[in-house]
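Read off the chains here:
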Amino acid sequence: MSSAWADRYRDALDEAGLQVGFVSDGAALTAVLANDWTVDVVVLDLALGTPELAARLGVSGPRLLAFGDPANAGIALAGNLADFVSDAPTAAELVAAIRGAVATPAPAGVADRSDQSAARLGALGAEADRVAAALARLTVPIDASDPPPIDAGVVRGLVRARRARERYFPGDIFADPAWDMLLDLTAARAEGQPVSVSSLCIAACVPPTTALRWIRTLCDSGLFDRATDPLDARRAFIALAEPTARAMARYLAAFAGPGQDLR
């Protein structure tokens, strides 16, 4: 946990009975993890990530609670991630997140925490799992033929139409991050462009922490593919998994006729 958080949270964490250490940079955290194999949870400022730290925070490493710039989220997505947290959680939220990360994971959608904010996180996870399962059913090919080509301009037009609604209605009533990300990745695939995690968070049109949770869930479900930037372990790129891309192509071909509305 960053030393910048020490004054803000130390007393609350002590009162909760949590044994916590604070370090100031990625190199110091890497050294701690190299010498202390009893660390259960790491609360990480994503900006502190380094290749050496990424190696220590792999899938077999301690549970990870991450916060900070989504551009650096690759190190978290490739690790033993418990959750993303906000840059400035309340003390109660941080305590609940740490306890939840330490505990044996409950079945999807079950929040075994008393804190109200933790219950909201459980509800979000359940909804994300539900949508991911529904989307997964789309990946079953209807036939063996190649899907039709996608016109990136058409898909970008759909995105612009969705955003235009926000000039007339509150944007949050249309929040649908899974679909917004599917559209963005579909257009990018047609354009031959890579999509970074931070770019996809912007396309999701929800708070970054929420977008990161959706990205993680959709990657875990196999709908999205994730690739770590070989030049910077903090960065990752997201793409449609091949079955998802075929499903999107068939969907667009089925409903993109004259007068059809795909929004």
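Quick caveat: nothing in here was measured; it's all calculated off a predicted structure. (Residues numbered from 1 in each chain as written. Predicted model: local features only at pLDDT ≥ 70, side-chain atom pairs only at ≥ 80, totals over all residues. Heavy atoms only, no water.)

On the surface, Asp 7, Asp 11, Asp 14 and Glu 15 cluster together into a negatively charged patch. Secondary-structure assignment places Asp 7 in helix H1 (residues 6–15). (Patch = residues over 30% accessible without salt bridge, like charges linked within 9 Å, V, L, I, M, F, W, Y side chains within 5 Å. Areas by Shrake-Rupley, 256 points an atom, 1.4 Å probe, with all protein chains shown as cover. Salt bridge = Lys/Arg side-chain N within 4 Å of Asp/Glu carboxyl O. Lys, Arg positive; Asp, Glu negative; His and termini not counted. Charge placed at Lys NZ, Arg CZ, Asp CG, Glu CD. Helix = DSSP H or I, 4+ residues; strand = E, 2+ residues; numbered from the N terminus.)

Taken together, the side chains of Tyr 168, Phe 169 and Ile 173 present a nonpolar region at the surface, about 380 Å² in accessible area. Counting through the fold element by element, Ile 173 comes out in the loop between helix H7 (152–164) and helix H8 (177–191).

Summed over all chains, the structure comprises 10 salt bridges. As a salt-bridge pair, Asp 180 and Arg 162 come within 2.7 Å of each other at their nearest N and O atoms. Here Asp 180 is found in helix H8, whereas its partner Arg 162 is found in helix H7, with 18 residues between them in sequence. This pair shows no difference in class: Asp 180 is buried, exactly as Arg 162 is. When the shortest N-O distance is used, the salt bridge between Asp 220 and Arg 216 registers 3.5 Å. Here Asp 220 and its partner Arg 216 are both found in helix H10 (residues 208–220), four residues apart, which amounts to about one turn of the helix. For Arg 216, a relative accessible area of 24% corresponds to the partly exposed category. Overlapping salt bridges, with partners in common, bring together Arg 162, Arg 163, Glu 166 and Asp 180 in one network. (Buried < 20%, exposed > 50% of the residue type's maximum accessible area, 1.4 Å probe, protein only.)

Quick look at the pairing of strand E2 (residues 63–67) now. Counting buried positions along E2 yields five of five residues, so the element is predominantly enclosed. Pairing of strand E1 (residues 41–45) with E2, which is carried by five bridges, proceeds in the parallel orientation. Bridged to Val 42 within E2 is Leu 64. Of the crossover connections in this fold, the one passing from E1 over helix H3 (residues 51–56) to the parallel E2 is right-handed. (Pairing = 2+ DSSP bridges. Right-handed = clockwise from strand over helix to strand, strands pointing away.)

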